[in-house]
Amino acid sequence: MVHNCIKCSAQYEDEDPDPYYCAECNELRIAAAKEVDAKMSGRPKKPIISALQEYDNSEKIHGFVRVHL
């Protein structure tokens, strides 16, 4: 089937019934994703904690959370 690229409108041919990126735009998309992944891999990962874990870890007075205003 012949489709138009959803980014640059260039025509390309494939077996997928839905239009997507042409080969050139797809390569640019993958390169951009790899660049972002490389930048993000150097950052320390922040642990994900639930609201219950946050409550359990907070400072409490007489069983109630201490709120600093």
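These figures come from a predicted structure and were not determined experimentally.

Criteria and cut-off values
Residues numbered from 1 in each chain as written. Predicted model: local features only at pLDDT ≥ 70, side-chain atom pairs only at ≥ 80, totals over all residues. Heavy atoms only, no water. Helix = DSSP H or I, 4+ residues; strand = E, 2+ residues; numbered from the N terminus. Buried < 20%, exposed > 50% of the residue type's maximum accessible area, 1.4 Å probe, protein only. Phe/Tyr/Trp six-rings, centres within 6.5 Å; stacked < 30°, edge-to-face > 60°.

(A) How the structure looks around the environment of Pro47. Relative to the helices and strands, Pro47 resides in the loop between α1 (23-41) and α2 (51-57). Using a relative accessible area of 63% as the deciding quantity, one classes Pro47 as exposed. Here the alpha-carbon distance between Pro47 and Met1, two residues 46 residues apart in the chain, equals 46 Å.

(B) Structural context of the packing of aromatic side chains. Scanning all chains against the criterion turns up one aromatic pair. Ring geometry for Tyr20 versus Tyr21: centroids 4.8 Å apart, planes at 70°, classification edge-to-face. With relative accessibility at 40%, the residue Tyr20 sits in the partly exposed group. Residue class for Tyr21 comes out partly exposed when judged on its relative accessible area of 25%.

(C) Region of interest: unusual backbone geometry. A positive phi angle, close to 70°, is found at Ser9, a residue other than glycine. For Ser9, a relative accessible area of 53% puts it in the exposed group.

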